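# Structure at a glance
Take a look at the letters that make up each chain.
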Amino acid sequence: MASQRKQYPFSDFEPKWQQRWAESGAYRTPNPGDEGFDPGKPKYYVLDMFPYPSGAGLHVGHPEGYTATDILARHHRMRGFNVLHPMGWDAFGLPAEQYAVKTGQHPAVTTAHNVGQFKTQLQRIGFSYDWSREVNTTSPDYVRWTQWIFLQIYNSWFNPATNRAEPISTYTGSDPDSVRLAYVAEMPVNWCPELGTVLANEEVVDGKSEVGGFPVERRPMRQWMLRITAFAERLLSGLDGLDWPESIKLLQRNWIGRSNGAFVDFTPEGGDKITVYTTRPDTLFGATYMVLAPEHPLVARITSADQRTAVEEYVKSVASKSERDRQDASKEKTGVFTGAFAINPVNGERIPVWIADYVLTGYGTGAIMAVPAHDDRDHAFALKFGLPIIQVVQPPSPVEGCFTGDGIAVNSGILDGLSTAEAKDKITAWLEERGVGRGAVQFKLRDWLFSRQRYWGEPFPIVWENGSHRAIPEGELPVRLPDLDDFKPTGTAEPPLSKAEDWVRYSDTARRELNTMPQWAGSCWYYLRFCDPNNAERFIGRDAAAYWLGDGSQKSGGVDLYVGGTEHAVLHLLYSRFWHMVLHDLGHLPTPEPFQRLVNQGIILGTDGQKMSKSRGNVVNPDEVIDDYGADAFRLYEMFMGPLEQMKPWSMKGVEGVYRFLARVWRLAMHEDQEGRWQLSDAVADIPPTPTQLRVLHATIKKVTDDLSTLSFNTAISQMMICVNELTAAERRPVAGLRTLLILLSPFAPHIAEELWEHLGRKFPGFEKGAHAQPWPVHDDSLLMDNEVEIVLQINGKVREKLTVPKDASCEQLEAAARAHDKFSAHLAGKETIKVVAVPGKLVNFVVKG
RNA sequence: GCCGGCGUGGCGAAAUGGCAGACGCAACGGACUUAAAAUCCGUUGGGAGGAAACUCCCGUGCGGGUUCAAGUCCCGCCGCCGGCACCA
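We now turn to the structure provided with this report. (Residues numbered from 1 in each chain as written. Chains lettered and ligands numbered in written order. Predicted model: local features only at pLDDT ≥ 70, side-chain atom pairs only at ≥ 80, totals over all residues. Heavy atoms only, no water.)

### Quick look at the packing of aromatic side chains
Between two aromatic rings, the relevant description is the distance of the centres plus the angle of the planes. Using the following cut-off: Two aromatic rings, drawn from Phe, Tyr or Trp (for Trp, its six-membered ring), form a pair once their centres lie within 6.5 Å of each other, and the interplanar angle then sorts them: stacked below 30 degrees, edge-to-face above 60, tilted otherwise. Here's how the labels work: a residue is buried when its accessible area is under 20% of the maximum for its type, exposed when over 50%, partly exposed in between, all with a 1.4 Å probe on protein chains only. Put simply, DSSP marks the helices as runs of H or I at least four residues long and the strands as runs of E at least two long, and each gets a number from the N terminus on. A ring has a charge above it when a Lys NZ or an Arg CZ is no more than 6 Å from the ring centre and no more than 35 degrees off the ring normal.
According to the stated counting rule, one finds 59 aromatic pairs in the structure shown. A ring pair is formed by Tyr8 and Phe10, whose centres lie 5.7 Å apart and whose planes are at 65°; its orientation type is edge-to-face. Comparing Tyr8 with Phe10, the two get one shared label, buried. Seen in terms of ring centroids, Trp224 and Trp464 are 6.5 Å apart; in terms of plane orientation they differ by 65°. Their pairing is edge-to-face. With Trp224 in strand E11 (residues 217-226) and Trp464 in strand E22 (residues 462-465), the pair connects residues that are 240 residues apart, well separated along the chain. With respect to burial, Trp224 and Trp464 carry one shared label: buried. The ring of Tyr183 has Arg227 lying over it, and the distance from NZ or CZ to the ring centre is 4.1 Å.

Here it is as C-alpha cells:
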C-alpha cells in the first residue's frame, strides 16, 4: 500500500490544515473575561482521560476515545457552544522512574521526550484541542497547586455534625492531628528487602516480588493517609445523580461496600467486652463460637496459658503472609483456639473464642460472632474444627448445607416466627435497650494510603520537627524535587529523597517529609486546571470555575462528558470525586461532583482478536496507518468499527473501506486530469437536488444529528456512506447537496471537508469561512418521506406480499387494499380470518385458521 | 464463589415489539483496460424445488413462555469477557 498511488492527496492537505488551525488559533477557547469570550453561548466541557506518556508512544487504543470527543467538540462548536476541549500529561509515575533507573537518564528528561512524541502524534490526527491549555502534572506550576490542594486537605477535618469537610480551625477537640483529612499512621506494607523498596499489592505474587522473585514481608511503616472513608456515605449517594454507566456506578458502590448491621458486645470470662460487627443480628442465637483477627488487641490478654504457644505461633505465621496470600478465599481455613470463652448476650451461652485469619483486622471491629448454620465461611470453619452448628433461620424451601438467605427465625427465643427483616429490627432494639449493642453501618472502603517511597512524584509540603509534622507556608510552594543524580532505592526503608541531604534539611531543627505522592494525585484535579491553566493566584479562578463547571444551580455540573477506559472505574474516578468534594465543602468549587456524564470506550484488540501487546507483536501504530491512509481515514475508521463502548478488533481492510469512502467523497467534487492533477469536477453544478437526493440528504442530516447525541458514530458514518452512494450515482452533482454533506462530515473528517470546501468556494457562492465554521444544518421532516410507503402483507406473522400505499392510509384502507391484492387474497382463499392487525406505514397481518 | 456485560452471515456490525442482516470488509460476476491495479455497475444468510420469472422451508448461543407479531419482553440453561474476591 505504501508504494501505491494515493486515491486522494491527503498527505498534501492534511498537514496544511493542521498548520493553519494551529497558526490561526482556530480552537483556542477564551475564558470569561478574555477577549472574544461570548457569555451568551452555553458551555460544553468535553474531556479525555489524559494519557501517561510512556516511551512506547501512542497506540490505536488511545485515539478511540479522543476521536469521539473531538467529533463532539467540533459538533458542539458548530451548534453554538463554547467548547472546552483540552489535553495534557499525567507524567509522574513508576515506569518513568524505573526506566530512568535502568538507563541512568533523569526521569524529567525521558518524560519531556515522551511528551513531545505524544503531542506530535496527537496533532497528526487533527484533534481540535486548545493546546494553550496544555498541562503537565510534573511542571512546577502544576505541582504547586497539587501541593496546595494537599494542604487544603491537611488543614481540614470532617465534621460529623455538618457532614462536611471544614477548616481544622473549627475543630474544638484537643488533638487536631487525630482528625485531619490527611494524617500519619503506622500501616503494614509489602516490603521487599532485596529490592529495597515497598511494593504495591499487585506487584507481589505468592509472597514474592513480581520482579526478581525476592521474598516480600509485611512490615508496619509510617504512612500518610487520606480520610476518604469519612466521605463514604456521600461518595455513595452522589452516584445517584450522575449520568454514568450503571455498571461503573455498581463497581464504585461495591468498592465503597456499605452494609447495615449491628455492633454486639460479648463478654469474655473475666475480661473486657469484645465487640463484634454483624449484618445478621437476627442470627445471634445461632452463634456457637467467636473469632478474633490474629492482630486483634485483646488476643494476648484473653489467651489461656496452655494455648499461648499455639496462639503465638499462629499469629507469627500469619504476620509473614502477604495480604494477597492471606485473602485467598479458596484456601482451607486455618485458626487456633485461644482457650477463652465469652458469653453471648442474648442467651447467656458460653462459647469458645478462636483466632483465625479469615477475620480481617481492618473491617468492622476485627472480631466476629460465628454462625456456622447461616454463613458459608463460619460453616467451613466449624466443619473443619468440629464446632457446633445450630440452625436459627428456617429457609422458605428446604436447602442443602448452609443457608445464608432470608427466612423465618427459629430456636431464637423472642425472635421465633419473625421474618429476617423483622428479627433484625427487634433484636437490634433489644440490644440497644440493654446497652449491649446498637445498629451500625460499615463500609468496605479504606482510607487512602497516600505516600510512596519513590523519587518521581510530588514532594509533600510538610516538614517534621520534634516528632510532629506541620505544613510549610503556602508562599513556599511549590516544593520542588531535588535534582538528584542518584534516585535509585536506598536499600533501606528510607525513600530516595533522603539522599538529598541539603534539601532534606529545612532548618536547623526541621526536616522535610521524604515520601512522595502517588501518581493519582496529579490526575485527581487536572480537569480543574484545564479551566484556568495559567492562573497564578488560584488553582482555578472563581469566574472560570463558575462558567466551566456551572454555578451549582443546574444538574449538569462539572465536566459535561468524560470519556476514558474502564480501568479507572474505581480508583481515579473515586479519588477525583473525593478531592472535588473536599474542595467544594471548603468553598473553593461551585459544584459537588466533577464529572456529570461518563462514557467508557471499549478496548481495541489486535487484528488477531487478542489484546494488543508488545509481546504478541500485534500492536497497531497510528503513525503507520496515517502514513498510508491519512488522518481522516484513521479517525473515521476508529469510529466506524463499531459502538464506542464495545470491545472490537482492528482491521486494516476496514481502514481501506473508509479510505475508499473518503476517496468517493473527494471524487464527488474533484476530477483528475490527464497530467494527474486534481481539478474541480465539471459534474458539480448549481442545480437543485432531485427529490430523492433531497430526501436522502435530509435523512442524513437527521440520522447524523440523532446519532451524535447518542454517540452512535458508526451508524452516523453508515448514513453518510448511503448519502455519498446516492450522490455518486448522479451524473451532475447539486452543489447545495455537497455543501450540506461536507458540513455533516467535517467533525468526523475535518481535513477533507475543509479542503473540498475551499475548492468549491473558488467557483460557487456560499462557501465563506470554512466547513467547521458553519452552523449545524437542520432537517425538514416534510422532506423525509415519500408520499407512498411500502408495507408488508402478512398471514399469521409471515410476509407473503408487499404493497405500496399512500403514506397516510388508514387501518381500514390498508386492510381493504390487502384484500384487493390478487396474489395475497389468493393466500386467504378457503381460510377463516380470525383477526386483522393493521399498522399504518408498516404492515397488515391476517390471522387465519384452516 | 458473587456481581456486571456480551453471544446475529465468511468477518466488523445494523435493526422505537412490526420485512433480520442497513453500512462496510471479503468473495463472485460484469464494464473500462493490450493487461493488471484503481474505478464504476451488479450478486452475495442457509437449504429445497424450478428451464425461468419465481415458489417454499429454515435461521439472531440452547430450551421453554408471553404476543396477531420476539434478535428485542419473561423464565431456565450454556459459553466468552470484565470486575470483586473470606468485608462477617
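### Notes on helix H18 (residues 622-629)
Here is the rule: Throughout, the arc means that of the directions going from the helix axis to the C-beta atoms.
Of all the positions in H18, only Pro622, Asp623, Val625, Ile626 and Tyr629 are classed as buried. Buried residues of H18, viewed axially, fall in a sector of 160°; they line one side. Positioned one or two residues after H18, Gly630 has a phi angle of 90°, which is positive.

### Structural notes on the sheet that holds strand E2 (residues 82-84)
Quick note on the threshold: For two strands to be treated as a pair, DSSP must find no fewer than two bridges joining them. Think of each axis as a best-fit line through the C-alpha atoms, taken over the contacting stretch in the case of a helix, with angles from 0 to 180 degrees between the N-to-C directions. Any two residues whose heavy atoms approach within 4.5 Å at even a single point are treated as in contact.
Pairing is parallel across the open sheet formed by four strands, whose spatial order is E2-E1-E25-E26. Edge positions in the sheet fall to E2 and strand E26 (598-600), since each of these pairs with one other strand and no more. Within the sheet, the average angular offset between the axes of one strand and its neighbour, ignoring direction, is 20°. Sheet topology places strand E1 (residues 43-48) next to E2; three bridges connect them, and they run parallel. Bridging across to E2, Tyr44 finds its partner in Val83. With respect to the sheet, helix H2 (residues 62-78) is in contact with E1, E2 and strand E25 (561-564), its orientation differing from that of E1 by roughly 170°. Along the sheet, helix H16 (residues 542-549) makes contact with E1 and E2, crossing E1 at roughly 90°.

### Side note on the nonpolar core
What counts, and what does not: Side-chain atoms within 4.5 Å are what join buried Ala, Val, Leu, Ile, Met, Phe, Trp, Tyr and Cys residues into a set we call a nonpolar core.
If you look at the biggest cluster of nonpolar residues, it comprises 178 residues, and the most contacted ones within it are Phe150, Phe539, Trp579, Trp650, Phe713 and Phe748. Tallying contributions element by element places helix H20 (residues 652-669) first for this core, with ten residues. Residue contacts for Phe539: discarding those within four places in its chain leaves Trp145, Trp148, Ile149, Trp525, Leu528, Arg529, Asp532, Leu583, His588 and Leu589. Tyr358, Ala370, Ile427 and Leu431 belong to the second-largest nonpolar core, a separate cluster that totals 46 residues.

### Notes on unusual backbone geometry
Here the bond from Leu477 into Pro478 is cis, since omega is 0°, no more than 30 degrees from zero. Along the chain, Pro478 turns up in the loop between strand E23 (468-471) and helix H13 (501-504). We note that Asn163 has phi near 60°; this positive angle belongs to a residue other than glycine. A positive phi is found at Asn796, a non-glycine position, where the angle reads about 50°.

### Description of the sheet that holds E23
Across a sheet, paired strands are connected by hydrogen bonds in the backbone, their directions being either parallel or antiparallel. Taken in spatial order, the three strands line up as E23-E22-E24 in an open sheet, and their pairing is antiparallel. Looking along the sheet, the strands with just one partner apiece sit at the ends: E23 and strand E24 (510-512). Between one strand and the next, the sheet's axes are offset by a mean angle of 35°, whatever the strand orientation. Bridge count between E22 and E23: four bridges; the pairing is antiparallel. Bridge pairing in E23 links Glu465 to Ser468. In this fold helix H5 (residues 140-154) packs onto E22 and E23, with an angle of close to 125° to the strand it touches most, E23.

### A closer look at helix H12 (residues 420-434)
Applied cut-off: The span you would expect from a helix comes to 1.5 Å times its residue count less one.
Taking 1.5 Å of rise per residue, the 15 residues of H12 would be expected to cover 21 Å, and the 21 Å separating its terminal C-alpha atoms lies within 8% of that figure. Within H12, burial applies to Thr420, Ala423, Ile427, Thr428, Trp430 and Leu431. Considered in projection along H12, the buried side chains sweep an arc of 160° and stay on one side of the axis. Relative to its buried face, H12 has exposed residues pointing more than 90 degrees away, namely Asp425 and Glu433. In this structure, the buried side of H12 is in contact with strand E12 (258-268), strand E18 (393-394) and strand E20 (437-443). A positive phi of about 70° marks Gly435, the residue just after H12.

### Regarding the environment of Asn600
Condition: We call two N or O atoms a polar contact when they sit within 3.5 Å, provided that within protein one can donate a hydrogen and the other can accept it, with sequence-adjacent residues counted only if both atoms are side-chain atoms.
Tracing the chain through its elements places Asn600 in strand E26. Since its relative accessible area comes to 7%, Asn600 is described here as buried. Spatially, the C-alpha atoms of Asn600 and Glu567 are 9.2 Å apart, while their sequence positions differ by 33 residues. Apart from the residues lying within four places of it in its own chain, the contact partners of Asn600 are Pro245, Ile248, Gly564, Gly565, Thr566, Leu644 and Glu645. Polar contacts involving the side chain of Asn600 include one to the main-chain carbonyl oxygen of Gly564, which spans 3.1 Å.

### A word on the pattern of salt bridges
This is how it is decided: For salt bridges, the criterion is a side-chain nitrogen of Lys or Arg within 4 Å of an Asp or Glu carboxyl oxygen.
Considering all chains together, one arrives at 36 salt bridges under this definition. With a closest N to O distance of 2.9 Å, Glu758 and Arg20 form a salt bridge. Of this pair, Glu758 sits in helix H24 (residues 750-761) while Arg20 is found in helix H1 (residues 10-24), placing the two residues 738 residues apart along the sequence. With a relative accessible area of 35%, Arg20 lands in the partly exposed category. Its salt-bridge partner being Asp70, residue Arg635 comes within 2.8 Å of it at the nearest N-O pair. Linking Arg635 in helix H19 (residues 631-640) with Asp70 in helix H2, this pair joins segments that are 565 residues apart in sequence. Looking at Asp70, the relative accessible area reads 0%, which means it is buried. The structure contains a network of salt bridges with shared partners spanning Lys16, Arg20, Glu755, Glu758 and Arg762.

### A look at the side chain of Thr428
Counting through the fold element by element, Thr428 comes out in helix H12. A distance of 2.6 Å separates a polar atom in the side chain of Thr428 from the backbone oxygen of Lys424. Setting aside its immediate chain neighbours within four residues, Thr428 contacts Ala262, Pro281, Arg438 and Gly439.

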